[in-house]
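Here are the chains, one letter per residue:
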Amino acid sequence: MPPPADIVKVAIEWPGAFPKLMEIDQKKPLSAIIKEVCEGWNLPNPETYALQNADSTNFYITEKNRNNIKNGSILRLTTSAAQMAQQLHERIQSSSMDMKLDALKDLANSSRDITFAQEFINLDGISLLTQMVESGTERYQKLQKIMKPCFGDLLSFTLTAFVELMDHGIVSWDTFSVAFIKKIASYVCKSAMDTAVLQRSLAILESMVLNSQDLYQKVAQEITIGQLIPHLQGTDQDIQTYTIAVINALFLKAPEEKRQFDEDSVNILDCPLTEMAHILAQKQLRSIILSNVIRSNKPINDEMAHQLYVLQVLTFNLLEDRMMTKMDPQDQAQRDIIFELRRIAFDVECESNNSGSIEKRKSMYTRDYKKLGFINHVNPAVDFTQIPPGMLALDNMLYFARHHQDAYIRIVLENSSREDKHECPFGRSSIELTKMLCEILKVGELPSENCHDFHPMFFTHDRSFEEFFCICIQLLNKTWKEMRATSEDFNKVMQVVKEQITRALTIKPNSLDQFKSRLQNLSYTEILKLRQSERMNQEDFQSRPILELREKIQPEIMELIKQQRLNRLCEGTCFRKISSRRRQ
């Protein structure tokens, strides 16, 4: 007969004694069980003892988590959390350097357990640690020259314990003084600092920025991008990861209102969100991350991949403002941008008010805007009132026209000479493509906490989104021709293009050229083959009933296709006559 569900069989250890096998009744109070264990070993004062998991965590067993005990678990009888917290609180204030170091090491390990952490915090332990960082370390810095390893370990364990205690969310981050922030920031700004100390200091700064807007202001006054960049140029990937995490936190909390900033000091506090990209570019952050992190000899671990993904998302989110900005059809400055697209495509200059009648000029504009593929031929500015993508689509089109002028002119002129029903509308395509790319890259969405999906190619160019668009608009034009599409097939073409882009992104190209090469291999024909192959590999398509049905109806289907082709031949087809003036 199986034992009752409330009874679990465990082994309990005690130093210097053989483990004791016990059956624990989960209905009994935990204090009663501990008392029974202590009596078995003749230990007085059972209230000063507790049970711990005898695994790598060493977490205390409490009434809240006791249901996690399983049959066969190994537990350990140990000093209670309150007793342990009191002992460590006294030991870390010892005048003996060795005793203090051992106590801080034990504190760093024990602080991962929320039960212990609560007891230590109740003793005002957080304040004690911050005081040690603010002023206590000054005394030990005098010994640093003769006891440098000891000093590094002392500070490292102090900061580790602090980080572990704060991670439980029991104490608010808003309670810390400016002196403490300055001290932590000073460890980050020093050129030569113990690796463990630097790691913990960066972690503390990140948490401060993310958890308190007030602390963001204070941290940003102490730290600049220029002071963080040397940590990215090292070889320690953990330090690089924490550094990018701090940059991401500052990026995420950057104020949206416009402020002035000094480019020489590049103080993050005084710059708006829209100017963050300018500052990062000034300090060549992108190229440093590319050469020292992404293209380093070390494989990128999951945490680094996550931080790179967050930086990628935050960078693309700078586009959100333009994406959600409607164009004002009456704004002449904005309409001049559209005229520049016309000028570059058709090599025309601005006509004066006296050159021809107004009606003639309007007719000429309408004709050219139709060739450019806008929906509204009279006033194309109306096409950009849709959000998303808003003005971002026009930005992309102008970038393409200016920086890839030959490709832009070729696409426009090539489509303007086709039959109306087969032309690929550049304007409409660009607007819809920009919207699609924003959806693929999730522009405007906050980073996911568990995603590692960063793309190295977006770190290879200062204008990566615009270059991404330029590659994709040429792909769209190529796919349109391969599909022999008409205006009625527009949505179908966009679906194929989206599939081509997403499939190319899955291999994580290292550069935009690799991405372009991958797209060359994903023609419309190849997409059809992949779709067919994936459908055939699905379990439903390989099931016996489906195969039998396919075999049964195949002759009938083939005969139907044959008959349809014969009927088409009998009916004949009308072809458009090619005039002598039109190139065949």
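Note that this is a predicted model, so its numbers are computed, not measured.

**Re the overall build of the protein chain**
And step 1. From N to C terminus, the protein chain includes 26 helices and 4 strands.
And step 2. For the protein chain, the proportion of its 584 residues judged to be buried stands at 44%.
And step 3. In the protein chain, of all internal contacts separated by at least 6 residues, the share reaching a separation of at least 24 is 69%.

**Remarks on the sheet that holds strand β1 (residues 7–13)**
And step 1. One open sheet accounts for 4 strands, arranged β2-β1-β4-β3; its pairing is mixed. Across the chains shown, the open sheet's two edge strands, defined by having one partner strand only, are β2 (20–25) and β3 (49–53). Geometrically, the sheet is characterised by an average inter-axis angle of 40 degrees between neighbouring strands, direction not taken into account.

**Here we look at the packing of helix α18 (residues 391–403) against helix α20 (residues 426–440)**
And step 1. In the contact formed by α18 and α20, the axes pass within 9 Å of each other and the chain directions differ by 115 degrees. Considering only the axes of α18 and α20, their crossing is right-handed. Together, Leu 392, Ala 393, Asn 396, Met 397 and Phe 400 of α18 and Phe 426, Gly 427, Ser 430, Ile 431, Thr 434 and Cys 438 of α20 make up the contact between the two elements.
And step 2. In the contact of α18 with α20, the residues fall into 7 nonpolar, 4 polar and no charged.

**Some words on the side chain of His 455**
And step 1. Here His 455 lies in the loop between α20 and α21 (464–482).
And step 2. What His 455 contacts, discounting residues up to four positions off in sequence, is Gln 312, Leu 505 and Lys 508.

**Focus: the confidence of the model for the protein chain**
And step 1. Per-residue confidence for the protein chain gives a mean pLDDT of 87; residues scoring 70 or more make up 88%.
And step 2. Here helix α12 (residues 273–282) is the element of the protein chain with the lowest mean pLDDT, 53, and α20 is the one with the highest, 97.
And step 3. In this model residues 258–266 is a low-confidence stretch, pLDDT under 50, and it forms 21 contacts with partners more than four residues away in sequence or in other chains.

**Overview of the nonpolar core**
And step 1. Grouped together as the largest cluster of nonpolar side chains are 79 residues, with contacts concentrated most on Leu 129 and Ile 289.
And step 2. With near-sequence residues (within four places) excluded, Leu 129 lies in contact with Ile 92, Leu 104, Leu 107, Phe 120, Thr 158, Ala 161, Phe 162 and Leu 165.
And step 3. Counting 67 residues, the second-largest nonpolar core is a separate cluster that includes Ile 344, Ile 431, Ile 440 and Ala 485.

**Let's talk about the pairing of β2**
And step 1. Across 6 bridges, β1 lies against β2 in antiparallel orientation. Bridged to Ile 12 within β2 is Lys 20.
And step 2. Between the antiparallel neighbours β1 and β2 lie 6 residues, among them Gly 16 with a positive phi of about 85 degrees.

**Some remarks on the state of the cysteines**
And step 1. By the definition in use, this model includes 0 disulfides.
And step 2. In this structure Cys 470 is not part of a disulfide, and its nearest cysteine sulfur, from Cys 472, lies 9.3 Å away.

**Points about the pattern of salt bridges**
And step 1. For the structure on display, the rule yields 20 salt bridges.
And step 2. Between Arg 367 and Asp 368 there is a salt bridge, with the nearest N and O atoms lying 3.2 Å from each other.
And step 3. The class of Arg 367 is partly exposed, set by a relative accessible area of 45%.
And step 4. Measuring nitrogen to oxygen at the nearest pair gives 3.0 Å for the salt bridge that ties Arg 503 to Glu 499. Placement of both Arg 503 and Glu 499 in helix α22 (residues 490–505) is noted, with a separation of 4 residues, approximately one turn of the helix. Glu 499 carries the same exposure label as Arg 503, and that label is buried.
And step 5. The structure contains a network of salt bridges with shared partners spanning Glu 499, Arg 503, Arg 531 and Glu 534.

**Re helix α1 (residues 30–40)**
And step 1. Within the span of α1, buried status applies to Leu 30, Ile 33, Ile 34, Val 37 and Cys 38. Looking down the long axis of α1, one finds its buried residues gathered within 135 degrees of arc, a one-sided arrangement. Exposed and facing more than 90 degrees away from the buried side of α1 are Ser 31 and Glu 39.
And step 2. Where the residues of α1 are buried, they touch β1, β2, β3 and β4 (74–79).

**Notes on the packing of helix α2 (residues 81–91) against helix α4 (residues 114–122)**
And step 1. It is the contact of α2 with α4, at a shortest axis distance of 8 Å, that shows an interaxial angle of 55 degrees. Judged on the interaxial angle alone, α4 and α2 are oblique. The crossing of α2 and α4 is right-handed. Taken together, the residues of α4 that come into contact with α2 (itself represented by Ala 81, Ala 82, Met 84, Ala 85, Leu 88 and His 89) are Thr 115, Phe 116, Glu 119 and Phe 120.

**Some words on a nonpolar patch on the surface**
And step 1. On the surface, Leu 549, Ile 553, Ile 557, Met 558 and Ile 561 cluster together to form a nonpolar patch covering roughly 430 Å² of accessible area.
And step 2. On the basis of relative accessible area, Ile 557 is assigned to the partly exposed category, the value being 39%.

**Notes on the side chain of Ser 111**
And step 1. Among the structural elements, Ser 111 can be located in the loop between α3 (97–110) and α4.
And step 2. Separated by 2.6 Å, the side chain of Ser 111 and the backbone oxygen of Leu 107 make a polar contact.
And step 3. With residues near it in sequence (within four places) discarded, Ser 111 still touches Phe 116, Ala 117, Ala 161, Glu 164, Leu 165 and His 168.

**Focus on unusual backbone geometry**
And step 1. A cis amide bond, omega -20 degrees, links Ile 387 with the succeeding residue Pro 388.
And step 2. Cis peptide bonds are those with omega within 30 degrees of zero, and the linkage from Pro 388 to Pro 389 qualifies with 10 degrees.
And step 3. Within the secondary structure, Pro 389 is located in the loop between α17 (358–371) and α18.
And step 4. We note that Asn 45 has phi near 50 degrees; this positive angle belongs to a residue other than glycine.
And step 5. Look at Lys 508: it is not a glycine, yet its phi comes out positive at around 55 degrees.
And step 6. Assignment of secondary structure puts Lys 508 in the loop between α22 and α23 (512–520).
And step 7. Residue Lys 508 is classed as partly exposed on the basis of its relative accessible area, which comes to 30%.

**Quick look at the packing of aromatic side chains**
And step 1. One pass over the structure, following the stated rule, counts 20 aromatic pairs.
And step 2. Look at Phe 162 and Phe 176: their rings are 5.2 Å apart centre to centre, the planes differ by 65 degrees, and that puts the pair in the edge-to-face class. In this pair, Phe 162 sits in helix α6 (residues 148–166) while Phe 176 sits in the loop between α6 and α7 (178–189), placing the two residues 14 residues apart along the sequence. By the burial criterion, Phe 162 is buried, and Phe 176 matches it.
And step 3. Their ring planes at 35 degrees and their centres at 6.2 Å tell us that Tyr 365 and Tyr 369 sit as a pair that is tilted. In this pair, Tyr 365 and Tyr 369 both sit in helix α17, 4 residues apart, roughly one turn of the helix. Take Tyr 365 and Tyr 369: they sit in the same class, and that class is buried.
And step 4. Joined through ring pairs, the aromatic side chains of Phe 316, Phe 458, Phe 465, Phe 468 and Phe 515 make up one cluster.
And step 5. Across from the ring centre of Trp 41, 4.5 Å away, lies the NZ or CZ of Lys 20, which sits over that ring.
And step 6. Cation over ring: Arg 428 sits above Phe 490, and NZ or CZ is 3.8 Å from the ring centre.

Scoring rules and cut-offs
- Residues numbered from 1 in each chain as written.
- Predicted model: local features only at pLDDT ≥ 70, side-chain atom pairs only at ≥ 80, totals over all residues.
- Heavy atoms only, no water.
- Helix = DSSP H or I, 4+ residues; strand = E, 2+ residues; numbered from the N terminus.
- Buried < 20%, exposed > 50% of the residue type's maximum accessible area, 1.4 Å probe, protein only.
- Contact = heavy atoms within 4.5 Å.
- Pairing = 2+ DSSP bridges.
- Axes fitted to C-alpha atoms, helices over the stretch in contact; angles between N-to-C directions.
- Left-handed = near helix turned anticlockwise from the far one by under 90°.
- Nonpolar A, V, L, I, M, F, W, Y, C, P; charged D, E, K, R; others polar.
- pLDDT = per-residue confidence, 0-100.
- Core = buried A, V, L, I, M, F, W, Y, C linked by side-chain atoms within 4.5 Å.
- Disulfide = S-S within 2.5 Å.
- Salt bridge = Lys/Arg side-chain N within 4 Å of Asp/Glu carboxyl O.
- Arc of directions from axis to C-beta.
- Parallel < 35°, antiparallel > 145°, perpendicular 65-115°, else oblique.
- Patch = residues over 30% accessible without salt bridge, like charges linked within 9 Å, V, L, I, M, F, W, Y side chains within 5 Å.
- Areas by Shrake-Rupley, 256 points an atom, 1.4 Å probe, with all protein chains shown as cover.
- Polar contact = N/O pair within 3.5 Å; in protein donor to acceptor, adjacent residues only side chain to side chain.
- Phe/Tyr/Trp six-rings, centres within 6.5 Å; stacked < 30°, edge-to-face > 60°.
- Lys NZ or Arg CZ within 6 Å of the ring centre and 35° of its normal.

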